[in-house]
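Residues per chain are reported as follows:
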Amino acid sequence: ENGHLKEIANLRVTSLQKIAAYNDHIFHYAKNCLQLYPDEQLKPNLHTALHIGDFMRLFSPVHAYSTPFYEQYINFFHRINTNKKIGELECTLMQTATHACNLRALLAEDTDLRSTAVEMIKEIDATNTENAHGFHLASLLDPTASDFVLDSNATSIELAEGALQHLHALISTNHPNGQARISCQALAVNEISIHSVTYGTSTSSKSRNSNILFQRTINGRDKLFAGIIEGIFQYTYEVVNRGPQKDLCLSVWELTSVDTSLDPYLVFGLAGGFLCIPPHAGSHIFAINLSQVISHVALTPMIDSENAGKIHVLPVDR
């Protein structure tokens with residue numbers, strides 16, 4: 001009999017005959033319980049079950065207002081952002097619920113909109129899980145965090161002669177009095193996290209993190225340059241009287257700055273950015289240390305007649 005009660009109570013479509021059948025079964029069940037257990041009183045759950053027939057007659061089948069239904073709504077309301085001000089909460093909850101219902105209706109009817117929404121959600125989820133442009137700022141304050149984290153997909157490569165020359169030039173600036181021997185074997189990665197800020201190579205899926213502002217010392221003075229990361233390497237070298245050491249470097253295409261007299265943005269300082277010429281076949285490639293990286297930059301092609309063909313460089317973080 002209990003099985004018949006559950007079956008009738010959970011029907012998605014009901015009728016007066018089915019409601020009457022439920023009432024017959026539940027009252028018969030309750031009467032038998034009192035006869036079998038005369039010393040016991042009816043429990044609240046059984047008392048509530050006696051009224052389910054009335055609920056179905058007044059409010060339709062119970063799936064529309066049963067506990068699972070309201071549990072879903074409780075979860076929905078818990079995820080709504082509110083200011084927790086009494087008197088305004090109700091309006092916020094009502095408006096948000098209405099917006100959600102309207103959005104569901106639009107997505108159900110418009111297949112193009114639905115496919116666009118799915119693509120947007122994928123991009124948002126990917127961005128939320130990616131530690132790009134220093135969004136995960138809490139990790140910057142972690143004293144136990146390492147200075148850098150390599151991409152897990154590292155590949156072993158053999159450095160070309162040109163790359164070795166760049167590394168020799170880089171090491172000589174750090175060890176001017178030592179003769180360095182560099183191993184031809186290195187690890188190449190597409191991405192590296194420096195103090196929780198991610199940088200990537202221009203030819204990988206992390207290319208949007210490849211535009212950087214970096215510092216080089218020229219004639220004893222530190223100068224800022226814009227560049228595009230072409231490669232990220234971990235290499236091994238040995239200096240006289242020292243054991244083998246591992247270090248990291250970035251191979252960077254340098255963007256040539258335009259003449260200062262022709263750059264209208266310099267008057268605004270670093271916050272205003274500066275103009276550069278796009279990379280070309282004659283652009284210089286430099287090997288730089290991680291410590292020389294200043295920030296990411298946004299590169300915007302200029303379209304006005306006066307600066308057409310140039311790129312505006314704007315620092316965007318750190």
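Refer to the preceding data block for the structure.
One numbering rule holds for all chains: residues counted from 1, following each sequence as written. Side-chain atom pairs in this predicted model are given and counted only at pLDDT of 80 or more, local residue features only at pLDDT of at least 70, and totals for whole chains, interfaces and linings cover all residues. Side-chain metrics rest on all non-hydrogen atoms present in the structure, leaving aside hydrogens and water.

Undergrad: Describe in detail the overall build of the protein, supporting the description with residues and values.
TA: Segments assigned H or I by DSSP are reported as helices when at least four residues long, segments assigned E as strands when at least two residues long, and all are numbered from the N terminus. Regarding its fold elements, the protein presents eight helices and 12 strands. Three labels apply to residues, based on accessible area from a 1.4 Å probe with only protein chains included: buried if under 20% of the type maximum, exposed if over 50%, partly exposed otherwise in between. For the protein, buried positions account for 30% of its 318 residues. Of the contacts made within the protein by residues no fewer than 6 positions apart, 59% connect residues no fewer than 24 positions apart. Note on areas: Shrake-Rupley, 1.4 Å probe, and residue coverage restricted to the protein chains presented here. Put simply, the protein shows about 20700 Å² of open surface, and 56% of that area lies on carbon and sulfur atoms. When checking whether two residues touch, look at their non-hydrogen atoms; a contact exists if any pair is within 4.5 Å.

Undergrad: Explain the pairing of strand β5 (residues 197-200) residue by residue, including any values.
TA: Side chains of β5 alternate between two faces, with V197 and Y199 and T198 and G200 buried alike. Note that strand β4 (residues 191-194) and β5 share four bridges and pair antiparallel. For I194, the partnering residue across the bridge sits in β5 and is V197. Here, a strand pair is defined by DSSP locating no fewer than two bridges between the strands.

Undergrad: Explain the nonpolar core to me, using residue names and the numbers behind them.
TA: Put simply, a nonpolar core is a bunch of buried Ala, Val, Leu, Ile, Met, Phe, Trp, Tyr and Cys residues held in one set by side-chain atoms that sit within 4.5 Å of each other. Among the nonpolar cores identified, the biggest contains 16 residues, and I192, Y199, I212, L250 and I288 are the most heavily contacted of them. Those elements that provide at least two residues to this core are β4, β5, β6 (211-218), β7 (221-239) and β8 (244-257). Ranked by size, the runner-up nonpolar core spans 15 residues in total, among them L167, I171, A186 and A287.

Undergrad: Any details on the packing of aromatic side chains? Residues and values, ideally.
TA: By convention, a stacked pair of Phe, Tyr or Trp rings (six-membered ring in the case of Trp) has centres within 6.5 Å and planes under 30 degrees apart, an edge-to-face pair has planes over 60 apart, and any other such pair is tilted. Under the definition given, this model contains two aromatic pairs. Ring geometry for Y235 versus Y237: centroids 5.8 Å apart, planes at 35°, classification tilted. A single burial state applies to Y235 and to Y237, both of which are buried. Sitting over a ring, as applied to charges here, requires NZ of Lys or CZ of Arg to be within 6 Å of the ring centre and within 35 degrees of the ring normal. When the ring centre of F225 is taken as reference, the NZ or CZ atom of R216 above it lies at 4.6 Å. Above the face of the F286 ring, R216 is positioned so that its terminal group lies 3.8 Å from the ring centre.

Undergrad: Tell me what's going on with the pattern of salt bridges, and back it up with residues and numbers.
TA: The working definition used for a salt bridge is a side-chain nitrogen of Lys or Arg within 4 Å of a carboxyl oxygen of Asp or Glu. Within the structure shown, the criterion is met by two salt bridges. As a salt-bridge pair, D54 and R57 come within 3.7 Å of each other at their nearest N and O atoms. Taken together, the residues D54 and R57, both in helix α4 (residues 52-59) and three residues apart, mark about one turn of the helix. Between E254 and R216 there is a salt bridge, and its shortest N-O distance comes to 3.0 Å. Highlighted residues: E254 in strand β8 and R216 in strand β6, separated in sequence by 38 residues.

Undergrad: Which residues make up the side chain of D263, and what values go with them?
TA: Looking at the element boundaries, D263 is found in the loop between β8 and β9 (274-277). Within this scheme the basic residues Lys and Arg register as positive and the acidic residues Asp and Glu register as negative, but His and the chain ends are omitted. Although D263 is buried, it forms no salt bridge, and the closest oppositely charged side chain is K310 at an N-O distance of 8.1 Å. What D263 contacts, discounting residues up to four positions off in sequence, is V258, F274 and L275.

Undergrad: Describe in detail a nonpolar patch on the surface, supporting the description with residues and values.
TA: Patch construction takes residues with relative accessible area above 30% that form no salt bridge. Like charges are linked within 9 Å, and nonpolar side chains (Val, Leu, Ile, Met, Phe, Trp, Tyr) are linked within 5 Å. On the surface, F55, L58 and F59 cluster together into a nonpolar patch covering about 300 Å² of accessible area. Relative to the assigned elements, F55 resides in helix α4. Since its relative accessible area comes to 31%, F55 is described here as partly exposed.

Undergrad: Account for the packing of helix α2 (residues 16-36) against α4, naming residues and giving values.
TA: Fitted lines through C-alpha atoms give the axes, limited to the stretch in contact for helices. The angle between two N-to-C directions lies from 0 to 180 degrees. Running from amino to carboxyl end, α2 crosses α4 at an angle of 165°, the nearest separation of the two axes being 9 Å. Looking at the two axes, α2 sits roughly antiparallel to α4. α4 is crossed by α2, and the crossing has left-handed handedness. Across from I19, Y22 and N23 in α2, the residues of α4 making contact are I52, G53, M56 and R57. Of the residues contributing to the contact of α2 with α4, the split by class is four nonpolar, two polar and one charged. Relative orientations are named as follows: roughly parallel for angles under 35 degrees, roughly antiparallel for angles over 145 degrees, roughly perpendicular for angles from 65 to 115 degrees, and oblique for any other angle. Take the far helix as the reference: if the near one is turned anticlockwise from it by less than a right angle, the crossing is left-handed, and if turned clockwise, right-handed. Side-chain classes are defined by residue name, with Ala, Val, Leu, Ile, Met, Phe, Trp, Tyr, Cys and Pro counting as nonpolar, Asp, Glu, Lys and Arg as charged, and the others, Gly among them, as polar.

Undergrad: Quick rundown of the environment of L34? Include the residues and the values.
TA: The topology assignment puts L34 in helix α2. Dropping the residues within four chain positions of it, L34 is found in contact with E40 and L42.

Undergrad: Please set out α2 residue by residue, giving values where relevant.
TA: Given a helix with a known number of residues, its expected span is that number minus one, times 1.5 Å. Helix length check: α2, at 21 residues, gives a terminal C-alpha distance of 30 Å against a target of 30 Å (1.5 Å per residue), a fit within 8%. When we look at burial in α2, the residues that qualify are I19, Y22, I26, A30 and C33. Take α2 and look down its axis: the buried residues cluster within an arc of 60°, on one side only. Of the exposed residues in α2, those oriented more than 90 degrees away from the buried face are Q17, D24, K31, Q35 and L36. What the arc describes is the spread of directions from the helix axis to the C-beta atoms.

Undergrad: Help me get a handle on the pairing of β7, residues and values and all.
TA: Both strand β3 (residues 180-189) and β7 contribute to a ladder of seven bridges, which runs antiparallel. Paired with R181 across the two strands is E238, which belongs to β7. With eight bridges connecting them, β6 and β7 associate as antiparallel partners. In the strand pairing of β7, Q215 is matched with L224. Hairpin connection between β6 and β7: a loop of two residues separates the two successive antiparallel strands, and N219 in this loop has a positive phi of roughly 55°.

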